[in-house]
Number of protein chains: 2
Amino acid sequence: MSLKNTRESNYPEWYQNVITAADMAEVSSSPGCMVIKPWGYGIWERIQRLLDDKIKETSHENCYFPMFIPLSFFQKEAEHVEGFAKEMAIVTHSRLSLVDGKLTPASPLDEPLVVRPTSETIIADSFAKWVHSYRDLPIMINQWANVVRWEMRPRLFLRTREFLWQEGHTAHSSFEEAEHEAETMLKVYEDLCVNDMAMPVIKGKKPDFDKFPGAVTTYCIEAMMQDGRALQAGTSHFLGQNFAKSANIKFINTHNEQEYAYTSSWGVSTRLIGGLIMTHADDEGMCVPPKLAPYQVIIIPILKDKSKTDEIFSYAEKLRNTLKSLSFAGEKLRVKFDNRPKEAIDKMWEWTRKGAPIIVEIGAKDLEKNMVMFRNRIHINDNGWKNFESYTDFCNSICDKLQNIQTTMLHRAQHLMENNIITEIRSKDDFEAYFTNANTYLNQNHKPKVAFIRGKWCEDEDTIEKLKEMRINIRCIPFDQTGTEGECLLSGRKATLDVIYARSY
Amino acid sequence: MSLKNTRESNYPEWYQNVITAADMAEVSSSPGCMVIKPWGYGIWERIQRLLDDKIKETSHENCYFPMFIPLSFFQKEAEHVEGFAKEMAIVTHSRLSLVDGKLTPASPLDEPLVVRPTSETIIADSFAKWVHSYRDLPIMINQWANVVRWEMRPRLFLRTREFLWQEGHTAHSSFEEAEHEAETMLKVYEDLCVNDMAMPVIKGKKPDFDKFPGAVTTYCIEAMMQDGRALQAGTSHFLGQNFAKSANIKFINTHNEQEYAYTSSWGVSTRLIGGLIMTHADDEGMCVPPKLAPYQVIIIPILKDKSKTDEIFSYAEKLRNTLKSLSFAGEKLRVKFDNRPKEAIDKMWEWTRKGAPIIVEIGAKDLEKNMVMFRNRIHINDNGWKNFESYTDFCNSICDKLQNIQTTMLHRAQHLMENNIITEIRSKDDFEAYFTNANTYLNQNHKPKVAFIRGKWCEDEDTIEKLKEMRINIRCIPFDQTGTEGECLLSGRKATLDVIYARSY
């Protein structure tokens, strides 16, 4: 019952197949934008809730800033960037009129407005008004919002013109405090990815040429997809005084001197759902980690003998109510009794494709014996898929089961990552040979077609061009460095740093 | 310690003063848009959480549709409306370039995009793809989103160009089911307003001339502000087959015939916060009902004797932890220990202006006597403001106290509304005399300057013009009707309906 395309046969098509089969999102009539459907949006709501709690626990407050940014706010930035041009949505008119039977934009604006690609400039404008003294600092805020970047090759969840995200923005009275904030939020993102999404990540910072414009340091977490490509799962920028200078965020410090504030910003987006799919989905469809599943347990009645319908329904409802009274990971269990007038087998496959962690099927025999038959989604390809347990045992162990699924999913993903970070490549020649052959690299023992190479880099300017030619990236400079011994894999010259080389999304 | 303007002295300025004093929102550098600050956004988050639970309990699922709507989607609507012109934000370019040192919109779009003023058209486009048979129905979805309407006279929370809302959209296989859905959601909104926001409302439907374009029936709830003006707090539209016909949402019914679906839509917005302010704020600032307060209890240390600082802090923290372990209205208490380095009296006034329900002040004497001194925000003008209780009694009764505040706030607002719905006006002449004099109507015994008139209407076309001349509205046709006896207050002719006449926001 595999999807039309498998990871092995056609990875990009498989990705689209998973999204369609799990009914998570679809392409919209609005060019380059997506409709996030209930199962996909339900996962996003879980991510939001879990991350929002962490953001608030780390002393941030939510607020909301306008989506329209006056064009002039970009002027300074533009003047500092050679050949400035940005793919952004520009609002130029404030009225729609019918002129000779044809709808026409009317009432041109005095100043065009940019639909936020990110809110640094408009938020910095407010910070400049709010900050006068060190007593006004720190300001630590976050917003959940939609943002727009005019992608030319859109792809569901990974690159759409409009996407949803959170963006945190903070201002501090010292360099150290702002830098610490950026580091703290990277850890918060790591916690979300690893402990809630079961998606392991490598923490590090971006090389200078790939930093967020204006950042002193861009910290990032990088995840490995099942094809061995990297996905940037979140970034946290320490901005030093750069944004404060351009936005004039000044404060009187404790020595009664005027000083520019130190700022940070950090964000994750619906792109995480693309990462979740490519970390956990298999050839049958999506697998959702229990902490993120909109429903953790699905109950399907099997109504072969119609005379037993009432009994089966009341048994199923009793089970649902028992389960819903239990707590997993600090919240009540999310359980759905799927009583739609539809074939049970079709429902079972529908929820399997969606990746609901546990599917229970209740037939006449189960209630006679007071048993529960359940399927464990992550064991679809082994003996653990179909299971029988007494009603009591099932209810008593459901939270342990969910925790085991969560842990197993993380371990599987960690196993994939750990087995596919190649550290043995030490020379420029071997490096070139690897990436030349990577596309035909055989997918045996669940090995992806390309892997991460952890190796040396010399930081020289000319290597950046070489990366483009080879269509690979330096994903990050990992925090754990091993020294400067060895040869740069791009130049063959003496190296200075360990980096992660990979192809990426 | 009143605000600069009081309700009596200058109501519109008082409204702005409350928002500034409570630090809920501010005007942004983005024209006509607002920055919703943490205290205002915290209230919105509470509204979202409470309403979202109710929306889900009534079988709706959340999803997300694109914010950009192709211009052509409005063409059909435009052709049916004489003199069609809408104030909407239009995106015409997808690139920003620096041309001769000046930022310029570039890359004009083939088809301009409208920033959603509401999502009926783009959602109907998806529904048309999703619906084939009666088995695909009902579809019951909701989204939380930002929307844009190009307001020319913006006002914080009440009318801003961008605002936040939820919009529900449903499709059904029968007239009755869709009509019932629209009625159900009106009740959900009433529940939110009355039981969570402590804001009483009148339920009814709009007269035909004031319906949502394309609706068969527009249901609404209307609240009375403290100046006697009406605020539309929410609307729910039964759309019949009108939208289905224009968007081609068809299904095969149980008789194997093709039929257009029956749809509904319903929404409430951040405008509710404007209503909350004008229902509950007083001349000292905001009052937030406990169910919506981002913090329900504030604890402020009084540190006159510096040697007692540690003891006071640990007493305050013990109190905070005890309170945070308690539940009110199904959720843990939200408690803040405000230990900022700032004068206690300034903090007390800050939280009073914000309208935190209970403010506790902890000084050296309180811990000696194991007492709690607390202020009850809604009693600021009477003996109930400042209170003393033993630590144990305070903790044991805090949830009752919050419930009492919630109930008292509702009763106060109900009292205002009930006392200011005038039912005694029976003739056109008295009606005209009332509204001619309404602006000078004395504000005694907390009577607003204008009131709601509940009276008769004949439904004739010419009365609509009369309403405009008098600058009043028919707010709704309330569900409880008393018959057709009597004279229309606008025309003097024989009446057909009871309506609510009022000035409005």
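All residue numbers refer to position in the chain's written sequence, counted from 1. Chains carry letters and ligands carry numbers; both start at the beginning, A for chains and 1 for ligands, and go up in the order they are written. Restriction of local features to residues with pLDDT of at least 70 applies here, the model being predicted, together with a cutoff of 80 or more for giving and counting side-chain atom pairs; totals for whole chains, interfaces and linings are based on all residues. Excluding hydrogens and water, the side-chain figures rest on all heavy atoms present in the structure.

In this structure, two copies of a chain are linked by a rotation about an axis accompanied by a shift along it. Superposition of chain A onto chain B requires a rotation of 180° combined with a translation of 0.0 Å along the rotation axis, giving an RMSD of 0.0 Å. On the angle and the small slide along the axis, the relation comes out as a two-fold axis. Considering only C-alpha atoms, the part of chain A nearest the rotation axis is A:Val91, at 2.1 Å. A contact between two residues is defined here by any heavy atoms of the two lying within 4.5 Å. A symmetric contact is evident, with 100% of the interface residues of chain A recurring at the interface of chain B. The atoms used to superpose the copies are C-alpha atoms, taken from residues with pLDDT of at least 70 in both, and the fit is least squares.

What follows deals with the sheet that holds strand 15 (residues 262-269) of chain A. Residues and elements named next belong to chain A. Sheet architecture is open: 11 strands sit in the order 3-8-9-15-12-11-10-25-26-24-23, paired in mixed fashion. Whereas interior strands pair on both sides, the edge strands pair on one side only; in this sheet they are strand 3 (61-62) and strand 23 (421-422). Pairing between two strands requires that DSSP report at least two bridges joining them. Only runs of H or I of at least four residues qualify as helices and only runs of E of at least two qualify as strands under DSSP, and these elements are numbered from the N terminus. For strand 9 (residues 162-172) and strand 15, the ladder comprises 8 bridges, and the chain directions are antiparallel. Along strand 15, the bridge assignment pairs Gln166 with Val268. Between the N-to-C directions of two axes lies an angle of 0 to 180 degrees, each axis being a line fitted to C-alpha atoms and, for a helix, fitted only over the stretch in contact. Against the sheet, helix 2 (residues 38-57) touches strand 3, strand 8 (139-148), strand 9 and strand 15, its axis set at about 165° to strand 8.

Residue and element names in this part refer to chain A. Just so you know, the domain bounds were taken from an automatic or database domain assignment. The domains assigned to chain A are domain 1 (11-67 + 118-280), domain 2 (297-404) and domain 3 (421-502). Put simply, the middle of domain 1 and the middle of domain 3, counted by C-alpha atoms, are 27 Å apart. Counting residues at the interface gives 20 residues for domain 1, matched by 17 residues for domain 3. Here domain 1 meets domain 3 over a buried area of about 1500 Å², counting both sides, of which 74% is carbon and sulfur. Here, a salt bridge means any Lys or Arg side-chain nitrogen found within 4 Å of an Asp or Glu carboxyl oxygen. In this structure, Glu222 engages Arg475 in a salt bridge whose closest nitrogen and oxygen atoms are separated by 2.8 Å. For the side of domain 1 that touches domain 3, the element with the highest residue contribution is strand 11 (residues 217-224), accounting for 5 residues. Gly is put with the polar residues, along with every residue not named as nonpolar or charged; the nonpolar set is Ala, Val, Leu, Ile, Met, Phe, Trp, Tyr, Cys and Pro, and the charged set is Asp, Glu, Lys and Arg. Per-class residue counts for the side of domain 1 that touches domain 3 are 9 nonpolar, 4 polar and 7 charged. We define buried area as the total accessible area lost by two parts upon association, computed with a 1.4 Å probe and summed across both.

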